[in-house]
Amino acid sequence: MVKDSAGVQRRTGRLRLGSALPRSHEPLDLGRSLSLAAGQTLTSSTQIVRSVRGMFSGRVSTREVGGPIAIGIAAGEAIRVGLDVYIGFMAAISVNLAVLNLLPIPVLDGGQFLFLLGEAVLRRPLSVKLRERLTLLGLVLIVLLMLLAFSNDIRRLLGLL
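Residues numbered from 1 in each chain as written. Predicted model: local features only at pLDDT ≥ 70, side-chain atom pairs only at ≥ 80, totals over all residues. Heavy atoms only, no water.

Draft legend 1. Here's a closer look at unusual backbone geometry. With a phi close to 60°, Arg123 is a non-glycine residue in the positive phi region. By secondary structure assignment, the location of Arg123 is in the loop between helix H4 (109-122) and helix H5 (128-157). (Helix = DSSP H or I, 4+ residues; strand = E, 2+ residues; numbered from the N terminus.)

See the structure below:
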């Protein structure tokens, strides 16, 4: 809780970057490095899937969605903590984008996979009209998500969120 400029107590959150534990660096061989990286990637990607599922079910607030402004602010905080935290943050953003790209929304790769799966089940190509309509629907969904992210960013900057 912090006091704002009007003296009103407000609940604030913190962006948790890095570990609260003391950091130690130890050399790892290639196999161990790849194993740890795969484990962290799996953990990060499952967390993203749980967050997206939580937003659709209402357990996670859409206020948690951030756009390029929030990413820029978080990247600035990460680089101030240290280069290793910044690189980890960028890796997390990369995994986040990869997982989101696999969502079954027609303009994304996951949607294209869904088209191919539908054609495999039907054993014939989907009609061009259906593909166009579903792609337009996917585009509308992506634009709405972008508007949500930008509006959350702007409201955070203005102290409204």
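Having put the structure on the table, let's press on.
Draft legend 2. Seen up close, the nonpolar core. Ranked by size, the top nonpolar core spans five residues in total: Ala74, Ala75, Ala78, Val85 and Phe89. Of all the secondary-structure elements, those providing two or more residues to this core are helix H2 (68-81) and helix H3 (83-101). A total of three residues in this core trace back to one element, the largest contributor, which is H2. (Core = buried A, V, L, I, M, F, W, Y, C linked by side-chain atoms within 4.5 Å. Buried < 20%, exposed > 50% of the residue type's maximum accessible area, 1.4 Å probe, protein only.)

Draft legend 3. Structural view of helix H1 (residues 30-57). The end-to-end C-alpha distance of H1 is 40 Å, a good match for the 40 Å that 28 residues give at a rise of 1.5 Å each. Of all the positions in H1, only Ser44, Ser45, Ile48, Val52 and Gly54 are classed as buried. Of the surrounding elements, those touching the buried residues of H1 are H3. Immediately downstream of H1, the backbone of Gly58 shows phi near 90°, a positive value. (Expected span 1.5 Å × (residues − 1). Contact = heavy atoms within 4.5 Å.)

Draft legend 4. Main features of the environment of Gly110. Summarising the element assignment, Gly110 is placed in helix H4. Distance from Gly110 to Val99, taken between C-alpha atoms, is 9.3 Å for residues 11 residues apart in sequence. Setting aside chain neighbours within four positions, we find Gly110 in contact with Asn101, Leu102, Leu103, Pro104 and Ile105.

Draft legend 5. Quick look at H3. Taking 1.5 Å of rise per residue, 19 residues should cover 27 Å, and H3 covers 27 Å from first to last C-alpha, within 8% of that figure. Inspection of H3 places Val85, Phe89, Val95 and Val99 among the buried residues, and these make up the whole buried set. Buried positions in H3, seen along its axis, are confined to an arc of 125° and lie on one side of it. Facing away from the buried side of H3 by more than 90 degrees, the exposed set consists of Leu83, Ile87 and Leu97. Tucked into the core, H3 has its buried residues touching H1 and H2. (Arc of directions from axis to C-beta.)

Draft legend 6. The arrangement of the packing of H4 against H5 in detail. Two numbers describe how H4 lies on H5: the axes approach to 12 Å, and their chain directions differ by 150°. The pairing of H4 with H5 is recorded here as roughly antiparallel in orientation. Here H4 runs over H5; the crossing is right-handed. Together, Gln112, Phe115 and Glu119 of H4 and Arg131, Leu134 and Thr135 of H5 make up the contact between the two elements. Within the contact of H4 with H5, the residues separate by chemical class into two nonpolar, two polar and two charged. (Axes fitted to C-alpha atoms, helices over the stretch in contact; angles between N-to-C directions. Parallel < 35°, antiparallel > 145°, perpendicular 65-115°, else oblique. Left-handed = near helix turned anticlockwise from the far one by under 90°. Nonpolar A, V, L, I, M, F, W, Y, C, P; charged D, E, K, R; others polar.)

Draft legend 7. Representation of the confidence of the model for the protein chain within the structure. Here the protein chain averages 88 in pLDDT, and 88% of its residues register 70 or above. Predicted confidence in the protein chain is weakest over strand E1 (residues 2-3), with a mean pLDDT of 62, and strongest over H4, with 95. (pLDDT = per-residue confidence, 0-100.)

Draft legend 8. Layout of the packing of H1 against H3. The interhelical angle for the contact between H1 and H3, taken along N-to-C directions, is 55°, at an axis separation of 9 Å. On the basis of the axis angle, H1 is oblique to H3. By crossing handedness, the relation of H1 to H3 is classed as right-handed. The residues of H3 that touch H1, namely those facing Thr41, Ser44, Ser45, Ile48, Val49 and Val52, are Val95, Asn96, Val99 and Leu100. For the contact of H1 with H3, the residue count by class is six nonpolar, four polar and no charged.

Draft legend 9. Representation of the side chain of Ser45. Relative to the assigned elements, Ser45 resides in helix H1. Beyond its immediate stretch of four places on either side in the chain, Ser45 contacts Val95 and Val99.

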